Structure formats: C-alpha cells, structure tokens
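Listed below are the residues making up each chain.
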Amino acid sequence: MEGNFTGGDVYQKHFLPRDYLATYYSFEDGPLPEAEMIKFNLECLHKTFGPGGLRGDTLIDIGSGPTIYQVLAACEAFTDITLSDFTDRNREELEKWLRKEPGAYDWTPALKFACELEGNSGRWQEKAEKLRATVKRVLKCDANLGNPLAPAVLPPADCVLTLLAMECACCSLDAYRAALRNLASLLKPGGHLVTTVTLNISSYMVGKLKFSCVSLKKEEVEQAVLDAGFDIERLLHNPQNYSATTAPNDGMCFIVARKRSGP
C-alpha cells in the first residue's frame, strides 16, 4: 500500500473494524486525544440537533464506518436515518449493533455521554433503543459516485451527515470538491450538510496498516463547501491532534451548511 492512495479495494480487503474501534473509540482509556475528539463531535452534534437545532424527517449518514455515535443526537430530531459505508465489514458491524447480536461493540460510554449532554445520563438504554428504531436501513456508499448510494435511490433528504470520512474517501482536492457536489445531490433544496473533516492529515493507522487521506486546509474545505452549493451557517475549528495518526495534523473542522435553493 506504500506510495499509493489506498482506494476502495484496499479498504474492502484490509480495513478491520475492530482494530479501528480499538484505536479511535476506546472512551475509557483515559484522557487520550482520540476520546477528546469523540467528545468534541458529540458536543457539536448535540448543539446542531438538540433543542432549537435542525429538524426533519430524513437524514443520510455517508461513510458511517463501524460507528453509531455520530447519529445519537440526530435520532431525536429525525424519524428516518440511513447509515452507509463502502466496506462490507463495516456494514456488518453496524448491523450487529442494531440487531443486538452477541459480540456487538459496546457503545455504552458514548451513549451515556450523549445523554449527559441532553441532561439525563440515565436514559442511555432508552437512547440506544430509540436509535435502533430510527435507523431504517444500512446501505453501501461511495462518495465518489454521482449517486453515492447507488444502486439504491432515496428521496431527497433533509440532512446529510458525514464525519471523518470524506478525507479518507477522496484522493485529491478535486475529488473532494466533486464528492461534496455528489452529497449535495442527495439533499432537498434548503437541506443541511453536517460534516467534520480532519485537517492536514495525509494518513492514519488502523492496527498496523496505514490508510491514506487527502490533506485539506480549513480554507480549502470552506471553499469546497461553498462551491458545492451551500451557505455555511456554523464552522468550528478544534486544534486538538490525534495521537494515532502517522504525522501531526491541524485538528478538525466541524461545519453546518445549508443547500441553496437556487443556482
């Protein structure tokens, strides 16, 4: 894999969900940067989908990976959520949790933290069931396609969510810009894009394997969102660095943007 951007075929063959989860989603291993990144995203998502925030019927999460934490706030604001990922193993991991199968990943710490943000940390089991009831389907996705959910075709959504995925799926700035336009096509006019992007990161580790990313600057992300037909309503920059990446990065950028109704 050295020297080439790791494309979809490499993810399909070599990306192991449990290695990824162990590296980036171990909440209880102390105050690691990875845990702080999760909390930052959960706090941003709570503010976005909490009281007075975005509401609607349908939300599509593009590049869910094997994780569900990113829709814990959204399941209170939307009635129909689609999860999606490129790899079979990640989708299987999602289904395992949704079906409460033996050996499913334990998201209890994230559930409790999300409920704590909502003012009732004891509600975490109810929250888990609410999410399971709200996720209606788990689909294959590829953000590089004109229809990222092909061959499935869904009605235009009220919200598209994509966290920490686009920089891994796109091999260049031009590909990232095109992918944002593809995501825009999934939205109703006036619908919202909610995204977190890790900035200035060229690769990250999953177990002992290195996976590529496109290195993006905050200004490049902002301009790409605007050029894809959105108006940015909120932008937050967290300078915290991951410790499990192969080189320092510039933290992450959280954006809420509204799709323009006209040209």
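Preceding this paragraph is the structure being described.
Nothing here was measured: the structure is a model prediction, and the numbers come from that model. (Residues numbered from 1 in each chain as written. Predicted model: local features only at pLDDT ≥ 70, side-chain atom pairs only at ≥ 80, totals over all residues. Heavy atoms only, no water.)

Novice: Can you walk me through the packing of aromatic side chains in this structure?
Specialist: One pass over the full model with this rule turns up 13 aromatic pairs. Seen in terms of ring centroids, F15 and Y20 are 5.3 Å apart; in terms of plane orientation they differ by 45°. Their pairing is tilted. Each member of the pair, F15 together with Y20, is buried. Seen in terms of ring centroids, Y69 and W107 are 6.2 Å apart; in terms of plane orientation they differ by 20°. Their pairing is stacked. Of this pair, Y69 sits in the loop between β1 (58–61) and β2 (80–85) while W107 sits in the loop between α4 (88–98) and α5 (108–117), and the two are 38 residues apart along the sequence. A single burial state applies to Y69 and to W107, both of which are buried. An aromatic cluster of at least three residues, connected via ring pairs, comprises Y11, F15, Y20, Y24, Y25, Y69, Y105, W107, Y204 and F211. In this structure, R132 packs its charged tip against the face of W97, placed 3.9 Å from the ring centre. Just above the ring of F86 sits the side chain of K140; from NZ or CZ to the centre is 3.8 Å. (Phe/Tyr/Trp six-rings, centres within 6.5 Å; stacked < 30°, edge-to-face > 60°. Buried < 20%, exposed > 50% of the residue type's maximum accessible area, 1.4 Å probe, protein only. Helix = DSSP H or I, 4+ residues; strand = E, 2+ residues; numbered from the N terminus. Lys NZ or Arg CZ within 6 Å of the ring centre and 35° of its normal.)

Novice: So what exactly am I meant to see when it comes to the pairing of strand β6 (residues 203–206) here?
Specialist: The side chains of a regular strand alternate, residue by residue, between the two faces of the sheet. Note that β6 and strand β7 (residues 209–212) share four bridges and pair antiparallel. Counterpart to Y204 in the pairing with β7 is F211. Hairpin connection from β6 to β7: two residues lie between these consecutive antiparallel strands, with G207 at a positive phi of about 65°. (Pairing = 2+ DSSP bridges.)

Novice: Whenever I open this one, the side chain of T6 confuses me. Can you help?
Specialist: Among the secondary structure elements, T6 is positioned in the segment before α1 (8–14). What makes T6 buried here is its relative accessible area of 3%. A distance of 2.7 Å separates the side chain of T6 from the backbone nitrogen of S212, its partner in a polar contact. (Polar contact = N/O pair within 3.5 Å; in protein donor to acceptor, adjacent residues only side chain to side chain.)

Novice: Can you walk me through the layout of surface pockets in this structure?
Specialist: Empty space among the atoms can be located by rolling a probe the size of a water molecule over them. By volume, the largest pocket is sized at about 670 Å³. In terms of lining residues, the largest pocket is bounded by 44 residues, among which Y11, L164, A165, C168 and Y204 are the most central. Of all the elements in the fold, those that place two or more residues in the lining of the largest pocket are α1, α2 (17–24), α3 (33–49), β4 (157–163) and α7 (166–169). In the lining of the largest pocket, the residues fall into 24 nonpolar, 15 polar and five charged. (1 Å grid on protein atoms, 1.4 Å probe; cavity = no way out; pocket = protein on both sides within 12 Å on 5 of 7 lines; lining within 4 Å. Points joined across faces, edges and corners; volume = space filled by probe spheres on them. Nonpolar A, V, L, I, M, F, W, Y, C, P; charged D, E, K, R; others polar.)

Novice: Looking at this structure, how should I read the sheet that holds strand β5 (residues 187–198)?
Specialist: The pairing of strands in a sheet comes from backbone hydrogen bonds and takes either a parallel or an antiparallel form. Spatial ordering of the open sheet is given by β3-β2-β1-β4-β5-β9-β8, a layout of seven strands whose pairing is mixed. This sheet does not close on itself; its edge strands, each paired only once, are β3 (135–140) and β8 (230–238). In this sheet, adjacent strand axes meet at a mean angle of 15° when their direction is disregarded. In the packing of helix α6 (residues 124–134) onto the sheet, the strands contacted are β2 and β3, and the crossing angle to β3 comes to about 60°. (Axes fitted to C-alpha atoms, helices over the stretch in contact; angles between N-to-C directions. Contact = heavy atoms within 4.5 Å.)

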